[in-house]
Amino acid sequence: MTEIIELRPDKNLINSSFEKYQFCTDVISIISEISLKKHVYRLEPNQNQESWLETRLFAFHNHLYKNAYDMSCWFIDEDWTVWRFNKHNSLDQMHILHTTKADLSKILYNPSIGFTCNKISTISDGGEKLEILIGDTGQNVKVFTMDPIKPGIIMNVQYVQKSSRIIVTMCTIANNDPKKYTQLTLLSYNLQYVENEVKDIAYIDKQILKVQGTIDYAYMEENGNYLHSICQDNISFDEGDIQKSEIKVEQSKSDSQIKIPKYYWSQDEDSLTVWVKIPKQHSTKQPKINVKPLKLSVTIGNEILIQGECQHRLEENMATWRYKEGTLQIDLTKYESGLMWHELIKGDTGGECLPNEILAAEIHKRLAHLCTDQQSNSIREGQPCVGFNAEQLEECDLEGRDNFLQRINLSTRTLTHLARLGSNNHVLFTYERKHGQMICLRHDHDACVWVTDDTCDDYTQWDIQHIHNFPGFGYVEASKTNKKFCVAPIDGSYIAIAEHARHIFLYEKPDIKAKTAKQRIVDLSYESSPIMGVVAMKTYLIVLLIDKLYCLQIPK
């Protein structure tokens, strides 16, 4: 059974008295500035990669890859040379991915690099080539070339020590004519040791998962049995055209194929408005609305339309309602004015939150199609009778949809844990650690940094802890319309936002009760060269331009 979890920020970390990030004139020192021999390799989308999913994948591709196991940074230049910038501020050649005579016609994406323990690095050229490197210097690296794979981007690499396996998680945009979707491919390889030395790497198997929307985050636990993801829809396993096995998420039969909200709701600082479609057989009956401080139920006849525990308190027995075009509109009053809700009913993924009441007309239009007695001739037999289906949605409609944090048991192909993040609580950045991952999510106006722990022996438990908080940073991030990268170090001491060119903004994490925190601006004065990648460390920030590499000192 799926456990519905709620990411509740630690109240001890919330700073309600915080006012602003104040500009600081401290100079950001440049520790080193290295001119690259060749430009950083960059691939632009081709004429067949014009979907919103592909545009997004190319636009925010970070060409600088951090190795969490030795704190180095890697990138690939136009000669397909793999470079490593180490903690001693030196640039070392690690590998050459292609020769000048190589056939590059099958490369569809930018190259990507992933790291795991035991000095293992995995490199994809963005095409069919996948290589696994074992070693920590260019002189002693052993290179293993895998069989051709489907082109994609490396999202995660995990070494499963117990079984000597490497699991590489690849992301690609697949075509399901005429729609495109995001696909995750989990490639498993076995390391074959002779006297504690890897002599060969053999392919084991692969699993393919797909999502109708974006995937912002994917992580394989150290046991190799559980996958974490943040995406815009429930993940399904793809076994080809004949067999498909979907993850068993607790949901009604009516929305097992297409997610249709049971109700819509909106809010302002003082009130909540709920819209729910009245079944035609009950259209002449009076609804029964029961409003308690922390409970809400709406029934009509013998049918329950909404029922459950509210996220926050309501004014008891204060509700007004009216019918409009077959839709019941309910107006509720918040007990705490100014407190913004993330969900109407705790753990209920059946409703959809709308940003404001201006969309009321659109609500009535969409709800009018949900409960009709006759099936349109244009709808295929066996398909739910609704006003739209997943294939008819434009890809741009995926923007603004709710995001879900999911934990999947790959052995049983079931969803074990699910957290609904909402449409606004999107991922700001992730940080790969030696154990588990660090995820920063927007929560109202704050940026909350969470840590997932996968070292617990009881795999039925999933520990997610709120460890850092940046008050008001949600507003800051939303205001940066030219933002390209958002990164932070493992200690959460600051967040850096890099624009497409020239400027980087540094935001210091304020003390718990501080009213202000420092904001610094880095001007690289290099307008013509785009920023290709950024990596944040505790004491310095690494910035990759198309032809330069900067190491910036972070003031203490």
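Figured I'd write up the structure that's included with this text. Note that the coordinates shown come from a computational prediction; the quantities given were computed from them, not determined experimentally. (Residues numbered from 1 in each chain as written. Predicted model: local features only at pLDDT ≥ 70, side-chain atom pairs only at ≥ 80, totals over all residues. Heavy atoms only, no water.)

Counting buried positions over the 6 residues of strand β23 (residues 295-300) gives 5, a clear majority of the element. Both strand β22 (residues 288-291) and β23 contribute to a ladder of 4 bridges, which runs antiparallel. Note on β23: the bridge partner recorded for K288 is T299. In sequence, β22 turns back onto β23 through a hairpin of 3 residues. Where β23 lies against strand β24 (residues 303-309), 6 bridges are found, and the strand directions are antiparallel. Following the sheet pairing, L296 is matched in β24 by G308. Connecting the antiparallel pair β23 and β24 is a turn made up of 2 residues, with G301 showing a positive phi of about 65 degrees. (Buried < 20%, exposed > 50% of the residue type's maximum accessible area, 1.4 Å probe, protein only. Helix = DSSP H or I, 4+ residues; strand = E, 2+ residues; numbered from the N terminus. Pairing = 2+ DSSP bridges.)

The subject of this paragraph is the sheet that holds strand β20 (residues 263-267). Here we have 5 strands laid out as an open sheet, ordered β25-β26-β21-β20-β27, and mixed in their pairing. Unpaired on one side and paired on the other, β25 (314-324) and β27 (351-353) mark the two borders of the sheet. Mean inter-strand twist for the sheet, computed between neighbouring axes without regard to direction, equals 20 degrees. Both β25 and strand β26 (residues 327-334) contribute to a ladder of 7 bridges, which runs antiparallel. Residue pairing across strands places K324 opposite T327, the latter belonging to β26. (Axes fitted to C-alpha atoms, helices over the stretch in contact; angles between N-to-C directions.)

With that settled, consider the sheet that holds strand β17 (residues 226-231). One open sheet accounts for 5 strands, arranged β1-β29-β28-β17-β16; its pairing is mixed. Strand pairing shows two members of the sheet lacking a second neighbour, β1 (3-4) and β16 (215-220), which therefore form its edges.

Further remarks concern helix α1 (residues 52-59). Helical geometry note: an α-helix holds 3.6 residues per turn, so side chains three or four residues apart project in the same direction. For α1, every residue scored as buried is listed here: L53, E54 and F58. All buried residues of α1 fall inside an arc of 125 degrees around its axis, so they share one side. Contact partners of the buried residues in α1: β13 (165-176) and β14 (179-194). (Arc of directions from axis to C-beta. Contact = heavy atoms within 4.5 Å.)

So, about the pattern of salt bridges. Pairs may arise between side chains of opposite charge once their charged atoms sit close together. The tally for this structure, following the rule as stated, stands at 19 salt bridges. Measuring nitrogen to oxygen at the nearest pair gives 2.5 Å for the salt bridge that ties R502 to D523. Linking R502 in the loop between β35 (494-499) and β36 (503-508) with D523 in strand β37 (residues 516-523), this pair joins segments that are 21 residues apart in sequence. Through salt bridges that share partners, D26, K518 and R520 make up one connected network. (Salt bridge = Lys/Arg side-chain N within 4 Å of Asp/Glu carboxyl O.)

Before going further, it helps to spend a moment on unusual backbone geometry. Of note in the backbone geometry, K119 takes a positive phi value of approximately 55 degrees without being a glycine. Tracing the chain through its elements places K119 in the loop between β8 (112-116) and β9 (120-124). The exposure class of K119 is exposed, given its relative accessible area of 52%. A positive phi angle, close to 55 degrees, is found at S164, a residue other than glycine.

Another aspect to go through is the packing of aromatic side chains. All told, the structure shown has 9 aromatic pairs when counted by the stated rule. Between F58 and Y109 the ring centres are 6.0 Å apart and the planes differ by 20 degrees, which places this aromatic pair in the stacked class. Of this pair, F58 sits in helix α1 while Y109 sits in the loop between β7 (91-96) and β8, and the two are 51 residues apart along the sequence. Side by side, F58 and Y109 carry an identical accessibility label, which is buried. Between Y189 and Y203 the ring centres are 5.9 Å apart and the planes differ by 65 degrees, which places this aromatic pair in the edge-to-face class. Taken as a pair, Y189 in strand β14 and Y203 in strand β15 (residues 197-211) lie far apart in primary sequence, 14 residues in all. (Phe/Tyr/Trp six-rings, centres within 6.5 Å; stacked < 30°, edge-to-face > 60°.)

Spatial relationships are all this shows, so hold off on functional conclusions.
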